[in-house]
Amino acid sequence: MNRLLTVVSMFAIALGFTGPTSAQNNSASPVEAFYCDLREGHDLKDLMEVAEDLDEWADDQDASYSAWVLTPQFTSGPVPDFIWLGSWSDYANMGAGMDEWMEDDDDLGEAFNEVSDCSSAHVLASSVEVRAEGGPPGDGLVMFSRCNIDEDSNGMEAIEAHRGVSAMMAGKGAKGSSWVFFPALGGGDLDYDYLSVLHFDNWTDYGNGLQHWVNGGGRQEGAKIMDGVSVCGENPATVWNVRLVRNGEE
């Protein structure tokens, strides 16, 4: 069973999808994550009502901000009721948006606090696109897998290796979009160097990609590409349902 979980977790390095890609450079964008629990008497419907108000606020105050609500699907151990994931087009817009929020959040912070408790963790990562059609992803599901860079390698080589595996999987007909998240602020003492992040629009696309990875030769070919660069999948991946809150401006 543990070996099967490892194989499935390693699928997160496949990063394969079909379709055009945006310019593939190594520029990074900020991504924040809040780990949250719903307060007693409240549910996700209450949360999404507040999220709709934030969407309207950001139209004028923080236009580049995008956000998603992630709820657990395949996880283990204690996990939050949801993760609030947010991103900006660049770090300058992040700083400006945070100033706007702290100056006048139109009482949205209090509204969020009424329905949820997000005090356990707030972390920031640097996201680098591996392969994507462009723009933030929508609803669907996302897989996170922890990766460690080999001693004689580095982050840039890891990104290029992921892109190589992505191209291989795309050739097999796999669909999806992907990024790597390098820890930046918060998070404490981590046992990984970065996260491999794989998004699918639906479970049909996910299952198709997993079939190519597990039974279609993808795992063996991917292992050759990643050899000596990075190791992903020593711990099982986690999979979360995704609901788009806001698609920010580029």
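Refer to the structure above for everything that follows.
Read on for a plain summary of the structure. Per chain, residues are indexed from 1 in the order of the written sequence. Residue-level local features of this predicted model are given only where pLDDT is at least 70; pairs of side-chain atoms are given and counted only at 80 or more, and the full residue set underlies all totals for whole chains, interfaces and linings. No hydrogens and no water enter the side-chain calculation; it runs on all heavy atoms of the structure.

Secondary structure assignment for the chain yields seven helices and nine strands. Summary of the burial criterion: residues with accessible area below 20% of their type's maximum are buried, those above 50% are exposed, and those between are partly exposed, where the area comes from a 1.4 Å probe applied to protein chains only. For the chain, buried positions account for 44% of its 250 residues. By definition, residues are in contact when any of their heavy atoms lie within 4.5 Å. In the chain, of all internal contacts separated by at least 6 residues, the share reaching a separation of at least 24 is 87%. Secondary structure elements follow DSSP: runs of H or I of four or more residues count as helices, runs of E of two or more count as strands, with numbering from the N terminus.

The subject of this paragraph is the packing of aromatic side chains. Working definition: an aromatic ring pair is given by the centre-to-centre distance plus the angle between the planes. Each Phe, Tyr or Trp ring, with Trp reduced to its six-membered ring, pairs with another whose centre is within 6.5 Å; inter-plane angles below 30 degrees give stacked pairs, above 60 give edge-to-face pairs, and intermediate values give tilted ones. Tallied over the full model, the rule gives seven aromatic pairs. Ring geometry for Tyr65 and Trp88: centres 5.0 Å apart, planes at 50°, overall tilted. One end of the pair, Tyr65, is in the loop between helix H2 (44–61) and strand E2 (66–74); the other, Trp88, is in the loop between strand E3 (82–87) and helix H3 (91–103), and 23 residues separate them in sequence. Its relative accessible area of 5% is what places Trp88 among the buried residues. Their ring planes at 40° and their centres at 5.3 Å tell us that Phe182 and Tyr194 sit as a pair that is tilted. Of this pair, Phe182 sits in strand E6 (residues 177–185) while Tyr194 sits in strand E7 (residues 194–200), placing them twelve residues apart in sequence.

Once that is clear, we can look at the nonpolar core. Nonpolar side chains in soluble globular proteins tend to end up buried together. Residues Val69, Trp84 and Val245 are the most contacted members of the largest nonpolar core, which totals 20 residues. Every element with two or more residues in this core is listed here: H2, E2, E3 and helix H4 (108–115). With seven residues, the top contributor of residues to this core is H2. In this text, buried Ala, Val, Leu, Ile, Met, Phe, Trp, Tyr and Cys residues form a nonpolar core when linked through side-chain atoms within 4.5 Å. Judged by nonpolar contacts, the second largest core, of 18 residues, contains Val31, Leu85, Ala132 and Leu195.

Let us look at the side chain of Ser127. Structurally, the position occupied by Ser127 is in strand E4 (residues 116–131). Residue contacts for Ser127: discarding those within four places in its chain leaves Ser27, Ala28, Ser29, Val31, Trp179, Val180 and Phe181.

Further remarks concern the state of the cysteines. Note that a disulfide, as used here, is simply two cysteine sulfur atoms within 2.5 Å. Per the counting criterion, the structure on display carries two disulfides. A sulfur-sulfur distance of 2.1 Å marks the disulfide that ties Cys36 to Cys118. Taking the sign of the S-S torsion, about 110° here, the bridge from Cys36 to Cys118 comes out right-handed. Of the two residues, Cys36 is situated in strand E1 (residues 29–38) and Cys118 in strand E4; the sequence distance between them amounts to 82 residues. In this model, Cys147 is linked to Cys232 through a disulfide, with the two sulfur atoms separated by 2.0 Å.

This paragraph deals with the environment of Asn154. On the secondary structure map, Asn154 appears in the loop between strand E5 (140–149) and helix H5 (155–171). Along the primary structure Asn154 and Ser230 are separated by 76 residues, whereas in three dimensions their C-alpha atoms are 8.4 Å apart. In terms of polar contacts, Asn154 uses its side chain to reach the backbone amide nitrogen of Met156, at 3.1 Å. A 3.5 Å cut-off defines polar contacts: any pair of N or O atoms within that distance qualifies, except that in protein one atom must be a possible hydrogen donor and the other a possible acceptor, and neighbouring residues in sequence count only when both atoms are side-chain atoms. In this structure the side chain of Asn154 is engaged in a polar contact, spanning 2.9 Å, whose partner is the backbone nitrogen of Glu157.

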